[in-house]
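Letter by letter, the chains look like this.
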Amino acid sequence: MKTLASSIGTKNKFLILGCGFSGSFFAKTIRKFGCVTLTSSRSEKKDPNSFIFDSDKNIYPNQKIFDGVTHILSCIPPDRNGNDPVLSRLKNKLLSLSLEWVGYLSTTGVYGNTKGDWVSEIDQPNPCQKRSQNRLNCEKEWIESGLPVQIFRLPGIYGPGRSTFETIRKEKVRVILKKDQVFSRIHVADITNAIIYLLQNKNTLKFHQIINIADDEPCSQIDVIQYCYNLLGSKMPNPIFFEDLKNELSPIAQSFWMENRRVSNKLLCETLGYKLIYENYKAGLKDCFWKM
Ligand SMILES: NC(=O)c1ccc[n+]([C@@H]2O[C@H](COP(=O)([O-])OP(=O)(O)OC[C@H]3O[C@@H](n4cnc5c(N)ncnc54)[C@H](OP(=O)(O)O)[C@@H]3O)[C@@H](O)[C@H]2O)c1
C-alpha cells in the first residue's frame, strides 16, 4: 500500500468530527501515515490533539483548530431534532476553508426494508424509520452544501471492543430467531481502510459521491452469535422466536428487526477495486476474539 502521505501530501490536516468508535479508529490510522489529525468529542480529553465540539451545548472549536485544515471526516449522527450537528453549526466556517475533501459517515438505514433483497447505491432510498428519514435529509444537506463531500453508507459497525463478544460478556445477548432475517455488517478497520484507499486513489478513480461500505456476507444474527460461542468454546443459549419476544424489545430494537436487507458492496469492491480486510463476520470476529 502506498503511504497516504506520499499520495495526498504531508501538508494535509485532518479534522475528525465525532471521535467515537469509527472516528478514533480512523484518526489512529491516519496518524500512522504522518498526517496531522485533530479530533472532536463532547467532553474534555487528556489528548492534546482533541478539542470540544458539542452542538447541543453550543460549544464550538476555536479558529486555531481550523487553520490549515484540508480534510474533514464527520462521524456525528443527526441531533434529536433531526439536524446535522456539523452543518447546522459549522457550515459557513467549513465553506470558508480550502477543503480538498469531506467525508460523511451515514447509514444504510436510508434504504429501508427490501425484504431481504440486495440494495445498492443506485436504488432509491426508502427510509421507514423517522431516524433514517432524518439521516437522508442530512445526506441531502451535505450534498447541497457546496462542500467536496463523499458519503459513506454503513451497516452495523463492529470491531475490537464493540462486538457480539462484549454483548455476551455483559450477559446481554438474546438469541432471536426470525425466519429469513439477515443483517449486513462492517468491521471498523474496513471503514478506515476503504476511505484511505479512496483518498489515495482519488485522482485515478472516478468520483462517486455515495458509497456503501459493507462486507461480502450479510447473514442472520444467530450465525454471528453461534460463531462467537464456538470461538469461546461454550454453548449458545436456546433461541427465542422473534414473535414471542417482540413486545419485550425496546422500540429501537424492534425497529432494527423490522428491516431486512442485503447491502451490496459491488461499487466499492468491484468497480473501485477496494479489497476488504475482513470479507465476512467470521474473519472479522476472529480479529475481535484475538484482541480481547
Ligand atoms: N454503530 C453502528 O452500528 C452504526 C451503523 C451505521 C451507521 N452509523 C453511523 O456512523 C457514524 C459513526 O458511528 P460510530 O458508531 O462510530 O459513532 P459513535 O461511536 O457513537 O460516535 C459518535 C460521535 O459523535 C459525537 N457526537 C454525538 N452527538 C454530538 C453532538 N450533538 N455534537 C457534537 N458531537 C456529537 C460523539 O461525541 P462523544 O465522543 O463526546 O460521545 C462521538 O464522538 C454515526 O453517524 C453513526 O450514527 C453507526
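Preceding this section is the structure that the text describes.
Residues numbered from 1 in each chain as written. Predicted model: local features only at pLDDT ≥ 70, side-chain atom pairs only at ≥ 80, totals over all residues. Heavy atoms only, no water.

Outline the pairing of strand S2 (residues 36–41), listing residues and values.
Counting buried residues along S2, 5 of its 6 residues qualify, which places the element largely inside the surrounding structure. Across 4 bridges, strand S1 (residues 13–17) lies against S2 in parallel orientation. By the bridge assignment, Phe14 is partnered in S2 with Thr37. Across 3 bridges, S2 lies against strand S3 (residues 50–52) in parallel orientation. Residue pairing for S3: Ser40 is matched across the bridge by Phe51. (Buried < 20%, exposed > 50% of the residue type's maximum accessible area, 1.4 Å probe, protein only. Helix = DSSP H or I, 4+ residues; strand = E, 2+ residues; numbered from the N terminus. Pairing = 2+ DSSP bridges.)

Before we move on, could you go through the pattern of salt bridges and cite the residues and values that matter?
Taken as a whole and assessed by the stated rule, the structure comprises 9 salt bridges. Two residues, Arg174 and Glu248, come together in a salt bridge whose shortest N-O distance is 3.7 Å. Of the two residues, Arg174 sits in the loop between helix H6 (164–169) and strand S9 (176–177) while Glu248 sits in the loop between helix H9 (242–245) and helix H10 (251–257), which places them 74 residues apart along the sequence. The exposure class of Arg174 is partly exposed, given its relative accessible area of 36%. Across the pair Arg261 and Glu259 runs a salt bridge whose closest N-O atoms are separated by 2.6 Å. With respect to class, Arg261 is no different from Glu259; both count as buried. (Salt bridge = Lys/Arg side-chain N within 4 Å of Asp/Glu carboxyl O.)

Go over helix H5 (residues 130–144), please, and point to the residues and values.
Given a rise of 1.5 Å per residue, 15 residues ought to cover 21 Å, and the 21 Å separating the end C-alpha atoms of H5 matches this to within 8%. Those residues of H5 that sit buried are Ser132, Asn134, Arg135, Leu136, Cys138, Glu139 and Trp142. In this fold, the buried residues of H5 make contact with strand S4 (71–74), helix H4 (85–95), strand S5 (101–107), strand S7 (149–154) and strand S11 (210–212). Backbone geometry just downstream of H5 places Gly146 in the positive-phi region, at approximately 90°. (Expected span 1.5 Å × (residues − 1). Contact = heavy atoms within 4.5 Å.)

An account of the pairing of S5 is needed here, citing residue identities and associated values.
Extensive coverage of S5 is indicated by the burial of 6 of its 7 residues. Across 4 bridges, the pairing between S4 and S5 is parallel. Its bridge partner lying in S5, Ser74 is registered against Tyr104. Tracing the backbone out of S4, into H4 and back to the parallel element S5 gives a crossover that is right-handed. (Right-handed = clockwise from strand over helix to strand, strands pointing away.)

How would you sum up the packing of aromatic side chains? Please name residues and give values.
Enumeration according to the criterion identifies 9 aromatic pairs in this entry. Aromatic pair Phe165 and Phe289: ring centres 5.7 Å apart, planes at 35°, arrangement tilted. Of this pair, Phe165 sits in helix H6 while Phe289 sits in helix H12 (residues 281–290), placing them 124 residues apart in sequence. Residue class for Phe165 comes out buried when judged on its relative accessible area of 2%. With a centroid separation of 5.9 Å and an interplanar angle of 90°, the aromatic rings of Tyr227 and Tyr281 are classed as edge-to-face. Placement of Tyr227 in helix H8 (residues 221–232) and of Tyr281 in helix H12 is noted, with a sequence separation of 54 residues between them. A residue is classified by how much of its surface remains accessible, and Tyr227, at 13% relative accessible area, is buried. (Phe/Tyr/Trp six-rings, centres within 6.5 Å; stacked < 30°, edge-to-face > 60°.)

Before we move on, can you summarise empty space enclosed by the protein with the specific residues and values?
In total, this model carries 1 cavity of 30 Å³ or more according to the counting rule given. Space inside the largest cavity adds up to approximately 80 Å³. Every residue lining the largest cavity is listed: Gln150, Leu198, Lys202, Leu205, Lys206, Phe207, His208, Ile211 and Leu272. (1 Å grid on protein atoms, 1.4 Å probe; cavity = no way out; pocket = protein on both sides within 12 Å on 5 of 7 lines; lining within 4 Å. Points joined across faces, edges and corners; volume = space filled by probe spheres on them.)

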